[in-house]
Each structure stands twice: as structure tokens, then as C-alpha cells.
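Examination of the molecular architecture
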Amino acid sequence: MKPILLQAFFRIHQTPAEPLDRFFSFATDRFAFANETVWNYVGGEVAAQDDREPARRYTHHCFVMVRAALQFLKFARFHPGGEPLAHDELARRIKQVCVRPVWMPPLPRETKIVFPGFANLREISASAAGLFQDNIGAAWPIYFRPGNFPICIPVSPKGKAKLNDQMLRDLEMGYPTPLWIYNFPKLDINHTVLVYQATREQGRIRYQVYDPNFADEPKELQFDLTTQTFNFESTFYFKGGSVTPRAVYRGFFE
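For the structure given in this document, a descriptive report is provided here.

1. What about the overall build of the protein?
- Across its full length, the protein carries seven helices and ten strands.
- Rg of the C-alpha trace for the protein: 18 Å, near the compact-globule value of 18 Å for 254 residues, within the 12% margin.
- C-alpha extents for the protein along the principal axes are approximately 55 × 55 × 35 Å.
- Residues counted as buried form 47% of the 254 residues belonging to the protein.
- Nonlocal contacts in the protein, meaning residues at least 24 apart in sequence, comprise 67% of its contacts between residues at least 6 apart.
- Between the averaged position of the 30 positive side-chain charges in the protein and that of its 26 negative side-chain charges there is a distance of 7 Å.

2. Details of the packing of aromatic side chains
- The tally for this structure, following the rule as stated, stands at 21 aromatic pairs.
- With a centroid separation of 5.9 Å and 65° between ring planes, the pair formed by Phe63 and Trp180 is classed as edge-to-face. On the criterion of sequence distance, the pair formed by Phe63 in helix α3 (residues 62-75) and Trp180 in strand β5 (residues 177-182) is long-range, its members being 117 residues apart. Considered together, Phe63 and Trp180 belong to a single accessibility category, that of buried residues.
- Within the aromatic cluster, the residues linked to one another by ring pairs are Phe31, Phe33, Tyr58, Phe72, Phe78, Phe115 and Phe132.

3. Remarks on the pattern of salt bridges
- Taken as a whole and assessed by the stated rule, the structure comprises twelve salt bridges.
- Between Lys186 and Asp188 there is a salt bridge, with its nearest N and O atoms 3.7 Å apart.
- The partner of Glu201 in a salt bridge is Arg204, with the nearest N and O atoms 2.7 Å apart.
- Given a relative accessible area of 29%, Glu201 falls into the partly exposed group.
- Beyond isolated ion pairs, a larger network of salt bridges with shared partners links Glu201, Arg204, Arg206 and Glu220.

4. Notes on helix α7 (residues 157-172)
- Here α7 contains 16 residues, and its C-alpha end-to-end distance of 23 Å stays within 8% of the 22 Å for a straight helix at 1.5 Å per residue.
- All buried positions along α7 are accounted for by Lys160, Ala161, Leu163, Asn164, Gln166, Met167, Leu168, Asp170 and Leu171.
- Close packing links the buried residues of α7 with β5, β6 (190-201), β7 (204-210), β8 (219-224), β9 (229-232) and β10 (241-247).
- Gly174 sits one or two residues past α7 and shows a positive phi near 95°.

5. Focus on the packing of α3 against helix α4 (residues 87-98)
- For the pair α3 and α4, the least separation of the axes is 9 Å and the interaxial angle reads 95°. The angle between α3 and α4 falls in the class roughly perpendicular. Taken together, the residues of α4 that come into contact with α3 (itself represented by Ala68, Gln71, Phe72 and Phe75) are Ile94, Val97 and Cys98.
- In terms of residue class, the contact of α3 with α4 is made up of six nonpolar, one polar and no charged.

6. A few points about the nonpolar core
- If you look at the biggest cluster of nonpolar residues, it comprises 48 residues, and the most contacted ones within it are Phe31, Phe72, Phe115, Phe132, Ile136 and Tyr210.
- Looking at this core, the elements that each hand over two or more residues are α3, β3 (76-79), α4, β4 (113-116), α5 (121-127), α6 (129-135), β5 and β6.
- At eleven residues, the largest contribution of residues to this core is made by α3.
- Excluding residues that lie within four positions of it along the chain, Phe31 makes contacts with Met65, Ala68, Ala69, Leu121, Arg122, Ser125, Phe132, Ile136, Tyr210 and Ala215.
- Ranked by size, the runner-up nonpolar core spans 22 residues in total, among them Met167, Val193, Val243 and Ala247.

7. So, the sheet that holds β5
- Within the closed barrel, the six strands sit side by side as β5-β6-β7-β8-β9-β10. Their pairing is antiparallel. If you compare each strand with its neighbour and ignore which way they point, the axes differ by 45° on average.
- In this structure, β7 lies alongside β8, joined through six bridges in antiparallel fashion. Looking at β8, one finds that Arg204 is bridged to Asp224.
- On top of the sheet, α3 reaches β5, β6 and β7; it is set at about 50° to β6, its chief contact.
- Along the sheet, α7 makes contact with β5, β6, β7, β8, β9 and β10, crossing β6 at roughly 70°.

Rules used throughout
Residues numbered from 1 in each chain as written. Predicted model: local features only at pLDDT ≥ 70, side-chain atom pairs only at ≥ 80, totals over all residues. Heavy atoms only, no water. Helix = DSSP H or I, 4+ residues; strand = E, 2+ residues; numbered from the N terminus. Rg over C-alpha atoms; globule rule 2.2 N^0.38 Å. Buried < 20%, exposed > 50% of the residue type's maximum accessible area, 1.4 Å probe, protein only. Contact = heavy atoms within 4.5 Å. Lys, Arg positive; Asp, Glu negative; His and termini not counted. Charge placed at Lys NZ, Arg CZ, Asp CG, Glu CD. Phe/Tyr/Trp six-rings, centres within 6.5 Å; stacked < 30°, edge-to-face > 60°. Salt bridge = Lys/Arg side-chain N within 4 Å of Asp/Glu carboxyl O. Expected span 1.5 Å × (residues − 1). Axes fitted to C-alpha atoms, helices over the stretch in contact; angles between N-to-C directions. Parallel < 35°, antiparallel > 145°, perpendicular 65-115°, else oblique. Nonpolar A, V, L, I, M, F, W, Y, C, P; charged D, E, K, R; others polar. Core = buried A, V, L, I, M, F, W, Y, C linked by side-chain atoms within 4.5 Å. Pairing = 2+ DSSP bridges.

See below:
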């Protein structure tokens, strides 16, 4: 317990000694719904809003969705042969998963919180999207995270290289990394993704990430080993290019 407490309060990262019982699968371990952006984007730039479009209800939840996806990977299991839960009980178990600190060790299989009637998170969240959105966590506490405050402190190339090494070690043990990507003081991106797979190539590492702004496809983050920089691909909300990375949810102050 002592190393866990140190990690929580002093931001000491330590790759877990025991591997996760399975790797994150984009096909099954993501949510069936997407985080919605407040602004309307075209080609990575804010565009005029179409008044005919319905109001966007589920916004500002990228941190929440990334955290919850990892919590379900570590603390929940699914039993497709069982009887689906009533809404009240399903809501209670969703909260039971998401109230656990995400940086805590995974639960043993026999004590994981069970969700019968469905094979995986993708399937069950498609069946009860609104219930999941209402119970995996509110958006407003994200703005008061202790880990937000270093945003004005630059991350050096050495710091980025260290983070890259940590993510690779963690992925070897099955642990995805929740990653905050931004370009402060620029506001062209301020987002969170879940890094779940790495491919080593000549001069670079290609990371597959779960981007909660997309419900149907993974995105790619690259680390250039020569320049020690991270680059995120072009999306509807970001033109693509260099980003500042910080790992989040690895301890109380992260």
C-alpha cells in the first residue's frame, strides 16, 4: 500500500509489477457514444454554428470518458449470459465502478463489479447511453483537478522522452495511459485521450489512442525519437501537429 500512497500524493510514477489481466481493445472497451464539442469545427477551426442543429448535451466530458473507460477495464467485468440489470441497479453499479480512484490497482477477477447481459462496455453503453452519461461522472470537477495547475509549466524534450518511456513500459504490462494533450497558451487543442497501443518504427513510436470525441475509430499520436516531440493527427477539431503531453490520473495530484 505504501508505494500506492506515495504515487497518489507525490506523483511518483511506477509501472505496476503485475500485468493487467487483458489488454485494452478499441473494439470492445470504448463507449458507444462520443463526447460532443461545444463549438462547431470545420478543418480544425471554429466555424459558424448551424441553428438548425439540436443542442449538444454531452460536452466537456473527454476527461470523464477516458477515466471511466480505464476504470471499467480495471474494476468491471461483463457476463453476457446473465439477465440485464434494472436501470436503478445498473446506475448503482456504474457509480460503484467510477467512484474507485482510477490509479488504484485492478481488482481481481472474482471481486470485479459484474455487469450481466452484455459482452463488453461498447455493447452495454450502446444499450443505455443516457444512463452511462448521467452516471460515469460530472464534467465540472475536472476544472478543479490538482493536476491541471502545471499547465503553464513547459514540458521539456527530456520530460517528453521520459513520458514516452513510461508509456511504453506500462503498455507492455497492459496498462493504457490517460494523456492530456494541449498547446498552452494557444487554445487550438485542450483534450484527453487514452493511449492503448504502441508500434515501434524507424525513428518514431506510433501510438493508437481512444479519442472520446469519436465513437467509431481510433486516432494516432506519434513520438519522434529524434526531436523528442509528440504529434497528434488532424481531426475535425484540430489541424494536426505538435502537442504538449501530460499523463493524468496516475495519482491524486495527476
